[in-house]
Amino acid sequence: MFKKVLIANRGEIALRIIRACKELGIETVAVYSDADIESLHVAFADESVCIGPRQASESYLNIKNIISAAEIADVDAIHPGYGFLAENPHFAKVCEECGFEFIGPSSEHISLMGNKSKAKETMKNLGVPVVPGSEGAVKDKDEGLKIAEEIGFPVIIKASAGGGGKGMRVAHSELSFLKNFETAKNEAKSAFGNDEVYIEKFIEEPRHIEIQVFGDGAGDALHFFERECSIQRRHQKLLEEGPSPFLTERMREKMGKVSVDAVKGLGYKNAGTIEYLVDKYGNFYFMEMNTRIQVEHPVTEMITGVDLVQLQLKIAAGEPFDISQKDIKIIGHAIECRINAEDPDTFAPSPGKIEAYYAPGGFGVRVDSATYQDYIVLPYYDSMIAKMIVFGKNREEAVNRTKRSLDEFIVEGIKTTVSLHKRILANHAFIKGDVTTDFIDRYMRE
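All of these numbers come straight from a predicted model, not from anything done at the bench.

(A) The overall build of the protein chain, seen in detail. On a plain count of helices and strands, the protein chain comes out with 15 helices and 20 strands. Its C-alpha radius of gyration of 21 Å places the protein chain within 12% of the 22 Å reference for a compact globule of 446 residues. Dimensions of the protein chain along its principal axes, counting C-alpha atoms only, are 60 × 50 × 45 Å. Buried residues in the protein chain amount to 59% of all 446 residues.

(B) Spatial organisation of the nonpolar core. Ile231, Ile424, Phe430 and Phe439 are the most contacted members of the largest nonpolar core, which has 34 residues in total. Elements represented by at least two residues in this core include exactly strand S11 (236-242), strand S14 (333-340), strand S19 (384-392), helix H12 (395-408), helix H13 (418-426), helix H14 (428-432) and helix H15 (439-444). Not counting residues up to four positions away in its chain, the partners in contact with Ile231 are Gln236, Lys237, Leu238, Leu239, Ile424, Phe430, Val435, Phe439 and Ile440. Membership of the second largest hydrophobic core comes to 32 residues, among which are Ile17, Phe214, Phe225 and Ile293.

(C) How the structure looks around helix H4 (residues 89-97). Within the sequence span of H4, burial applies to Phe91, Ala92, Val94 and Cys95. Across the axial projection of H4, the buried residues extend over an arc of 160°, all falling on one side. Turned more than 90 degrees off the buried face of H4, the exposed positions are His90 and Glu97. The inward-facing, buried residues of H4 abut helix H3 (63-73), strand S4 (77-79), strand S5 (101-102) and helix H5 (107-114).

(D) Seen up close, the side chain of His297. Within the secondary structure layout, His297 lies in helix H10 (residues 297-304). Residue class for His297 comes out buried when judged on its relative accessible area of 0%.

(E) Seen up close, the sheet that holds S11. Strand order in the open sheet made by the eight strands is S13-S12-S9-S10-S11-S14-S19-S17, with antiparallel pairing throughout. A single partner strand is all that each edge strand has here, and the edge strands are strand S13 (284-290) and strand S17 (365-369). Ignoring which end each strand starts from, the neighbouring axes of this sheet average 25° apart. Pairing geometry for strand S10 (residues 221-233) and S11, over four bridges, is antiparallel. Considered in S11, the bridge of Gln232 is made with Lys237. Together, strand S12 (269-278) and S13 form the strand contacts of helix H6 (residues 116-125), whose direction differs from that of S13 by roughly 125°.

(F) View of the domain arrangement of the protein chain. Once the domains are mapped, the protein chain shows domain 1 (4-103), domain 2 (141-201) and domain 3 (207-444). Taken together, the contact between domain 2 and domain 3 spans four residues of the former and four residues of the latter. Summed over both partners, the interface of domain 2 with domain 3 comes to about 330 Å²; 46% of that surface belongs to carbon and sulfur atoms. Seen at the junction of domain 2 and domain 3, the total is zero salt bridges. Where domain 2 packs against domain 3, one counts zero residue pairs in polar contact (both at pLDDT 80 or more). By residue class, the composition of the side of domain 2 that touches domain 3 is one nonpolar, two polar and one charged.

(G) Here's a closer look at the environment of Glu412. Residue placement: Glu412 occurs in strand S20 (residues 410-412). A sequence separation of 331 residues divides Glu412 from Gly81, and the C-alpha atoms of the two residues are 28 Å apart. In contact with Glu412, not counting residues within four places along its chain, are Lys353, Ile354, Glu355 and Ala356.

(H) Region of the structure containing the pairing of strand S8 (residues 197-201). Across the five residues of S8, four count as buried, placing the element largely inside the fold. Two elements, strand S6 (residues 155-159) and S8, share five bridges in a ladder whose sense is antiparallel. Each residue of the ladder has a partner; that of Lys158, found in S8, is Tyr198.

(I) Region of the structure containing the sheet that holds strand S7 (residues 168-171). Pairing in this open sheet of three strands is antiparallel, and the strands run S7-S6-S8 from one edge to the other. The open sheet terminates on both sides in strands that have one partner only, identified here as S7 and S8. Here the average twist between neighbouring strands, direction ignored, is 25°. Running over the sheet, helix H8 (residues 174-192) touches S6, S7 and S8 and is turned about 175° from S7.

(J) Structural context of the environment of His297. Sequence separation of His297 and Val258 is 39 residues, and the distance between their C-alpha atoms is 20 Å. For His297, the contacting residues outside a window of four places in its chain are Ile13, Arg16, Arg227, Leu308, Val309, Arg366 and Lys387.

(K) How the structure looks around the side chain of Gln232. Position of Gln232 relative to the elements: it lies in strand S10. Within the structure, the side chain of Gln232 is placed 2.7 Å from the side chain of His208, a separation counted as a polar contact. Within polar-contact distance, the side chain of Gln232 engages the backbone oxygen of Cys229 at 2.8 Å. Apart from the residues lying within four places of it in its own chain, the contact partners of Gln232 are His208, Lys237, Leu238, Thr437 and Ile440.

(L) Geometry of the packing of aromatic side chains. Enumeration over the complete set of coordinates arrives at eleven aromatic pairs. Note on Tyr276 and Phe284: the rings are 5.3 Å apart at their centroids and 85° apart in plane angle, and the pair reads as edge-to-face. By the burial criterion, Tyr276 is buried, and Phe284 matches it. A ring pair is formed by Phe439 and Tyr443, whose centres lie 5.0 Å apart and whose planes are at 50°; its orientation type is tilted. Residue Phe439 and its partner Tyr443 are both found in helix H15; the two are separated by four residues, about one turn of the helix. Here Phe439 matches Tyr443 in class, with each residue buried. An aromatic cluster is defined as three or more aromatic residues linked by ring pairs; in this entry it consists of Tyr60, Phe84, Tyr380 and Tyr381. Across from the ring centre of Phe347, 5.0 Å away, lies the NZ or CZ of Arg233, which sits over that ring. A cation over a ring is seen here: Arg395 above Phe430, with NZ or CZ 4.7 Å from the ring centre.

Scoring rules and cut-offs
- Each chain carries its own residue numbering, running from 1 in the written order of its sequence.
- Local features in this predicted model are restricted to residues whose pLDDT is 70 or higher, and side-chain atom pairs enter the listing and the counts only when it is 80 or higher, whereas totals over whole chains, interfaces and linings include all residues.
- Note that water and hydrogens are dropped before the side-chain values are worked out from all heavy atoms of the structure.
- Elements are defined by DSSP. Helices are runs of H or I of four residues or more, strands are runs of E of two residues or more, and each kind is numbered from the N terminus.
- Only the C-alpha atoms count toward the radius of gyration. The rule for a globule is 2.2 Å times the residue count to the power 0.38.
- Relative accessibility decides the category of a residue: with a 1.4 Å probe and only protein chains considered, values under 20% of the type maximum give buried, values over 50% give exposed, and everything between is partly exposed.
- We call a set of buried residues a nonpolar core when its members are Ala, Val, Leu, Ile, Met, Phe, Trp, Tyr or Cys and they connect through side-chain atoms within 4.5 Å of each other.
- The contact criterion used is simple: two residues touch if any of their non-hydrogen atoms lie within 4.5 Å.
- The directions from the helix axis to the C-beta atoms are what the arc is built from.
- Strands are treated as partners if at least two bridges between them are detected by DSSP.
- Every axis corresponds to a line fitted to the C-alpha atoms, with the helix fit spanning only the stretch in contact, and the corresponding angles, defined between N-to-C directions, vary from 0 to 180 degrees.
- Domain delimitation follows an automatic or database domain assignment.
- Each of two parts loses accessible area, computed with a 1.4 Å probe, when they are put together; buried area is these two losses added.
- A carboxyl oxygen of Asp or Glu within 4 Å of a side-chain nitrogen of Lys or Arg is what we treat as a salt bridge.
- Polar contact criterion, stated in full: a pair of N or O atoms within 3.5 Å, where within protein one must be able to donate a hydrogen and the other to accept it, and residues adjacent in sequence count only if both atoms are side-chain atoms.
- Throughout, the ten residues Ala, Val, Leu, Ile, Met, Phe, Trp, Tyr, Cys and Pro are labelled nonpolar, Asp, Glu, Lys and Arg are labelled charged, and all others, Gly among them, are labelled polar.
- Two aromatic rings, drawn from Phe, Tyr or Trp (for Trp, its six-membered ring), form a pair once their centres lie within 6.5 Å of each other, and the interplanar angle then sorts them: stacked below 30 degrees, edge-to-face above 60, tilted otherwise.
- The rule is short: NZ of Lys or CZ of Arg within 6 Å of the ring centre and within 35 degrees of the ring normal puts a charge over the ring.

Written out as structure tokens, the structure is:
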């Protein structure tokens, strides 16, 4: 096992990794921008190194400074968390070349899955169902229009190097396709430096369901069941739960097997999440694979009783799986609410000083946060200030416990999405489990 790990991140995920390391007897090194000097991940790590000014490009995205910090602290490995450099293949490769174990998959797998069109082609060859569409990027609008007419409208135009909803446009006719094609290419170029786009059949009223997977890099793999992530705004997840209220046991088993077979076929190492669109008939289609630990990983930890971050560390250190597929069982239901420093109606960021803070507690309630009273929510980074994860023996108990916990969650001085989550939990469609990716637009805009 590693002796010392550097966490190349900030906030709640850095704190989460520090806790996992300490429980395994691993020393930790935090990195921070000058604006984060009073952050909890800095206080709780064994050592800390300043890596630059508040701008992420000069600190948390500064590969040279992070590697220098790792060398100064003499660490064995680097954990990227999520966001920032977590899915940057160049960073993973630099870590490898500089003698630091990258706690995640290989740079080759990050690169492969980071290109959406190549990822789709690869998964299709591994037997994973994919949405009908173009074979890779399309060269121009004429080729794109021909493909759109072949598979039938509506279609969605997606950036090949995209994510987070950028470079993504839906077209319901030839006219809207021609209008949206150039818009998607321009957005892709601006956001990712790559204007390649591909075409897919647009699945109407889809669910977003993902499978948590792990590979040992030697051909073995496990899945830890699914998470329902359909409640989103602007393609960003707001609330996740597991297991999905929609999947039958047969569908669950099929999705798990397909995902595990793909991970084995890739020879993939460490944590990954295979995300699917699922239509109302139960057909599932590959959307993307995230090559990192997910924001919503605590949902899976709660329903399986497995510490996924510790499993990441063990696999990166070369240890074999200490659990088999038959040992992984769903033991209850969990719901995660992302508490963001945002206006709950407009989603506009709401940075500032937290004047009062009280996190809920009680049986089955977990709050992952690096926030405290008098903490200043900075405008330079992601707006999420806490994740509240609630466990129950079944979905009804989990929903009721989540409602109670939201009533206890107090954050004053800034606006948060706590009230939005209360509205979601009270909605009749959510209570029935009738959630699709347009849930917010259908119900919360009223």
